[in-house]
Amino acid sequence: MGLIIVANRAPFRLTPEGLVPAVGGLATALLPVLERRHGVWVAAGEWREKGQAATPRESQVRLEQVFLPEKEWQGYYGGFSNRVLWPLCHYFLERVELRRDFYQDYQRANRRFAERVAQVFREGDTVFVQDYHLLLLPRLLRERIPAKIGFFFHIPWPSSGVFRILPWGRALVEGVLGADLIGFHTPEYVENFLRTAAYYGYQVEENRVRVGERWVRVEAHPLGIDTGRFGELAQDPHIGLHARALKRLAGAERLILGVDRLDYTKGILERLLAYERLLQSYPQWRGRVAFFQIATPSRTSVHAYRELKRRVDEVVGRIMGSFLREDWVPLRYFYQTYTQEELAAFYRAADVALITPLRDGMNLVAMEYAYTTEDGVLVLSNLAGAAEYLKEALLVNPYDLDGMAQALDRALRMPGGERRERLSALKARIEALDVQGWAERFLASLEEG
Ligand SMILES: O=P(O)(O)OC[C@H]1O[C@H](O[C@H]2O[C@H](CO)[C@@H](O)[C@H](O)[C@H]2O)[C@H](O)[C@@H](O)[C@@H]1O
Ligand SMILES: O=c1ccn([C@@H]2O[C@H](COP(=O)(O)OP(=O)(O)O)[C@@H](O)[C@H]2O)c(=O)[nH]1
């Protein structure tokens, strides 16, 4: 049976050498299964104007691009997706901009995706829709084609009290309920979604929602990482050399690492302040610890992201101004995108990973670190979806600066035995969540259910 994946982003990146597979959760999870089934990936168009072929020559996957007029793209992606749904679902309510024009562009864009999928669809195909950009799509597809439809939401589904803030909440829920199976990373998001559906008057029984004559199933399907690949990176001698060079660059006994897209949900500012608090409250670490923060440029067309960059630059400057010594650099801030091979070197060099989003659907970086490090400590926000599964991390409240400074001190002092015990439990949990099985499990439940 054929498979059609629909996502805002394509699974390829454009490089000077042409299109190559993208890194990150979605592409890693879905490309192998799509290759096996000779499937089609439908995504918003990015490359027409650059005159590039839309699919790498060696790939079995066909990419179909949905081209949106510039104004509509801004309203759908930069507007409704990233200035309404993204802040709302991550509980940043003061950032939500309830603009009708954004919603109209979101409707138009979802309709364009529906038209394109309907053109590509062949009898017997399964359609698997991804994420918050396409909440209206499942229903639009059901009106057009007789497909099995799956939907996966990669970010938190908020409590129903928060979701109700949206004047278009009912239409969005109706839209997603066009699917046969809806997936989330954690049982908490499943629960929140079921309560939201009940609020809008749907009958809910256990994990099912009744829509006319149909029952829509709602399930937790946590997404993990490619442990085979990160297992190899953990052993690779070239990456080992790079890791040692990074450790020398740190020039301190202990190295702390943060890796995130530069996004206000990731808690980068609060984390820098917690590090500053550590240096103030535990002065014995001055000169002995270094912090590397990698912040990958993200959504730079949205004002809030540019504003965040300004504030992070400021706090980085302040910490350097207060603590820098001739023989010690307390903090290094890398505003750039790395390959996963390069990231693996950072993971192997770091004694502690400080992954403290204020909210996060899952957070794959936390798993990548714990799986790649030999004897490091993972300090993880209790508000990331990953915290549901990675119980042996040091869990912290990312808003509590003193609590984070205290956890950092504990992580930096943690004896080898405890570190290894926690890590081996974490690695076993991460193996159980391996990405290779994720799409197969979801699709099996969708196609057999
Ligand atoms: O496509 P962008 O606007 O550049 O954003 C990148 C992706 O960010 C979000 O990632 C989420 O999915 C991860 C994998 O399931 C999960 O670990 C993380 O917690 C989420 O935030 C977004 O959901 C994706 O659609 C974006 O492509
Ligand atoms: O410079 C970077 C920063 C991040 N990543 C990858 O991007 C993904 C980030 O996923 P996560 O779930 O942590 O957060 P998201 O950015 O999707 O919200 C991970 O697989 C990282 O390895 C990368 O390849 N290069």
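The rules behind each value
- Starting from 1, residues in each chain are numbered consecutively following that chain's sequence as written.
- Both sets of labels track the order of writing: A upward for chains, 1 upward for ligands.
- Only residues with pLDDT of 70 or above have their local features reported here, since the model is predicted, and side-chain atom pairs are shown and tallied only from 80 upward, although totals for entire chains, interfaces and linings are computed over all residues.
- With hydrogens and water set aside, each side-chain value is computed from the structure's full complement of heavy atoms.
- UniProt positions are given in the numbering used here, feature names are shortened, and annotations may be inferred rather than shown by experiment.
- Distances are taken per atom, and a residue is near a molecule or strand as soon as one of its heavy atoms is within 4 Å of it.
- Think of a polar contact as two N or O atoms within 3.5 Å of one another; within protein, one of them needs to be a possible hydrogen donor and the other a possible acceptor, and neighboring residues in sequence only count if both atoms come from side chains.
- Areas reported as accessible are Shrake-Rupley estimates using a 1.4 Å probe. Residue values count occlusion only from the protein chains shown.
- Segments assigned H or I by DSSP are reported as helices when at least four residues long, segments assigned E as strands when at least two residues long, and all are numbered from the N terminus.
- Note on residue categories: nonpolar means Ala, Val, Leu, Ile, Met, Phe, Trp, Tyr, Cys or Pro, charged means Asp, Glu, Lys or Arg, and polar means any other residue, Gly included.
- Categorising residues by exposure relies on relative accessible area from a 1.4 Å probe, with only protein chains included: less than 20% of the type maximum marks a residue as buried, more than 50% marks it as exposed, and the intermediate range marks it as partly exposed.
- The arc in question is traced by the directions running from the helix axis to the C-beta atoms.
- In plain words, nonpolar cores are sets of buried Ala, Val, Leu, Ile, Met, Phe, Trp, Tyr and Cys residues tied together by side-chain atoms within 4.5 Å.
- How far each domain reaches was decided by an automatic or database domain assignment.
- Throughout, a residue-residue contact means that at least one pair of heavy atoms, one from each residue, lies within 4.5 Å.

Naming follows an unreviewed UniProt entry, where the protein appears as Trehalose-6-phosphate synthase of Thermus thermophilus. Listed under Subunit (unreviewed entry) in UniProt, the entry text for the protein is "Homotetramer." If you open the UniProt record of the protein and go to Function (unreviewed entry), you find "Probably involved in the osmoprotection via the biosynthesis of trehalose. Catalyzes the transfer of glucose from UDP-alpha-D-glucose (UDP-Glc) to D-glucose 6-phosphate (Glc-6-P) to form trehalose-6-phosphate. Acts with retention of the anomeric configuration of the UDP-sugar donor."

Overview of the site of ligand 2
Near ligand 2 lie 13 residues; those nearest to it are Arg-261, Tyr-338, Gln-340, Leu-364 and Glu-368. Contact distances for ligand 2 include 3.2 Å between an oxygen atom and a backbone N or O atom of Val-365. Protein contacts shield 82% of the accessible area of ligand 2, which totals 540 Å² for the unbound molecule. Those elements that provide at least two residues to the shell around ligand 2 are helix H12 (340-349) and helix H13 (364-372). If one sorts the elements of the shell around ligand 2 by residue count, H13 sits on top with three residues. Tallied by class, the residues present in the shell around ligand 2 amount to five nonpolar, five polar and three charged.

Side note on helix H6 (residues 169-176)
Along H6, the residues classified as buried are Gly-169, Leu-172, Val-173, Gly-175 and Val-176. Looking down the long axis of H6, one finds its buried residues gathered within 155 degrees of arc, a one-sided arrangement.

Let's talk about the nonpolar core
Grouped together as the largest cluster of nonpolar side chains are 103 residues, with contacts concentrated most on Val-6 and Leu-172. Split by domain, the residues of this core number at least three in each of domain 1 (1-222 + 433-446) and domain 2 (226-430). In this structure Leu-172 touches Phe-80, Leu-85, Tyr-103, Tyr-106, Leu-135, Leu-136, Phe-163 and Leu-166, once residues within four positions along its chain are discounted.

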